[in-house]
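Listed here are the chains, written in short residue letters.
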Amino acid sequence: ILKTTDGGETWEVQRLATNEDRPLFGVHFIDADHGVAVGLWSLILVTDDGGKTWTKREAVLPNGKKSDLNLFGLFSNGSGEIFATAEKGQLLISRDKGNTWESVETGYKGSFWCGVALPNGVLLVGGLRGTLMRSEDNGHTWTRATLDTRNSITALASRGSTVLAVGVDGLQAQSTDDGKTFQRLHTQTGTTYTAALPSAGDKWLIFSRDGVVTQ
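Residues numbered from 1 in each chain as written. Predicted model: local features only at pLDDT ≥ 70, side-chain atom pairs only at ≥ 80, totals over all residues. Heavy atoms only, no water.

**A look at the sheet that holds strand 5 (residues 44-47)**
Inference 1: A sheet is described by the order of its strands in space; here four strands give the open sequence 3-4-5-6, paired in antiparallel fashion. Both outer strands of the open sheet, strand 3 (24-29) and strand 6 (55-57), are each paired with one neighbouring strand and no more. Within this sheet the neighbouring strands show an average axis-to-axis angle of 25°, counted without direction. (Pairing = 2+ DSSP bridges. Helix = DSSP H or I, 4+ residues; strand = E, 2+ residues; numbered from the N terminus. Axes fitted to C-alpha atoms, helices over the stretch in contact; angles between N-to-C directions.)

This is how it looks when you write it as structure tokens:
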């Protein structure tokens, strides 16, 4: 885990465990002190001191067994709840800053790589083969959002009621109705996008293997 305090010009190592074959896939902070990192085989790390120290936590499934799912992405809502996207169509939820977790079934059986929380309890999670699931009640029930693609979704970003989905082979799609429906955006590149963030002037920062793309 690396940290920067100067906009990415320099970085310092916060955690290094090269002897442990469990890579981390996501990190997310809900405030300056409290953060979570997740990775292979349900590796969950939490910090309450801005990342100076990290502590392992376990996720327990409804059957009482410890989760061994790979965890790929993290996001949070306005209430401070943290969500981890996982394999087998599951979403893990923590209501205590990452210390304990519960599992939610979405009705999908593949992997979710990313998610985003919108106002009023709306959640979106995306993953393999263009799968995009939507909940209007903070994850209790799920329906499939309309997105006409088989390209896997790697990242979701939001600005108000507008949502951007990006993914492999140049996938960009946008929703203006809280993620109910999406329209494909035509791009000239087939590169894989890896992350997206809202930027100034109603633009988006989109990250790819070839660098940063501004739209």
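**Some details on the sheet that holds strand 14 (residues 143-144)**
Inference 1: Spatially, four strands are ordered 11-12-13-14 in an open sheet, and the strand pairing comes out antiparallel. Both edges of this open sheet fall to strand 11 (112-117) and strand 14, since each of them pairs with a single strand only.

**Thoughts on the side chain of Thr106**
Inference 1: As for its position among the elements, Thr106 is in the loop between strand 10 (102-105) and strand 11.
Inference 2: Assessed through its relative accessible area of 5%, Thr106 is described here as buried.
Inference 3: Within the structure, the side chain of Thr106 is placed 2.7 Å from the backbone oxygen of Gly89, a separation counted as a polar contact.
Inference 4: A distance of 3.3 Å separates a polar side-chain atom of Thr106 from the backbone nitrogen of Tyr108. (Buried < 20%, exposed > 50% of the residue type's maximum accessible area, 1.4 Å probe, protein only. Polar contact = N/O pair within 3.5 Å; in protein donor to acceptor, adjacent residues only side chain to side chain.)

**What to know about the pairing of strand 17 (residues 172-175)**
Every other side chain in a regular strand lies on the same face of the sheet, so the side chains alternate between the two faces.
Inference 1: Where strand 16 (residues 162-167) and strand 17 come together, four bridges link them in antiparallel fashion. Pairing of Ala165 across the sheet is with Ala173, part of strand 17.
Inference 2: Following strand 16, the chain reverses through four residues before pairing antiparallel with strand 17; Asp169 in that reversal takes a positive phi of roughly 55°.
Inference 3: The pairing of strand 17 with strand 18 (residues 183-184) spans two bridges and is antiparallel. Looking across to strand 18, one finds that Gln174 is bridged to Gln183.

**Brief notes about the packing of aromatic side chains**
Inference 1: Overall, the coordinates contain four aromatic pairs when judged by the stated rule.
Inference 2: For the ring pair Tyr108 and Phe112, a centre distance of 5.3 Å and an interplane angle of 50° mean the geometry is tilted.
Inference 3: Residue Phe112 is classed as buried on the basis of its relative accessible area, which comes to 0%.
Inference 4: The ring of Trp204 has Arg159 lying over it, and the distance from NZ or CZ to the ring centre is 4.4 Å. (Phe/Tyr/Trp six-rings, centres within 6.5 Å; stacked < 30°, edge-to-face > 60°. Lys NZ or Arg CZ within 6 Å of the ring centre and 35° of its normal.)

**Description of the pattern of salt bridges**
Inference 1: Taken as a whole and assessed by the stated rule, the structure comprises six salt bridges.
Inference 2: Taking the shortest distance from any N to any O, the salt bridge between Lys56 and Glu20 comes out at 2.9 Å. Of this pair, Lys56 sits in strand 6 while Glu20 sits in the loop between strand 2 (12-13) and strand 3; the two residues are 36 residues apart in sequence, bridging distant segments of the chain.
Inference 3: The closest approach of N and O atoms between Glu81 and Arg95, which form a salt bridge, is 2.8 Å. Placement of Glu81 in the loop between strand 7 (71-76) and strand 8 (82-86) and of Arg95 in the loop between strand 9 (90-94) and strand 10 is noted, with a sequence separation of 14 residues between them.
Inference 4: According to the relative accessible area criterion, Glu81 is buried, its value standing at 11%.
Inference 5: Arg95 sits in the partly exposed class, given a relative accessible area of 43%.
Inference 6: In this structure, a network of salt bridges that share partners links the residues Arg15, Glu20, Arg22 and Lys56. (Salt bridge = Lys/Arg side-chain N within 4 Å of Asp/Glu carboxyl O.)

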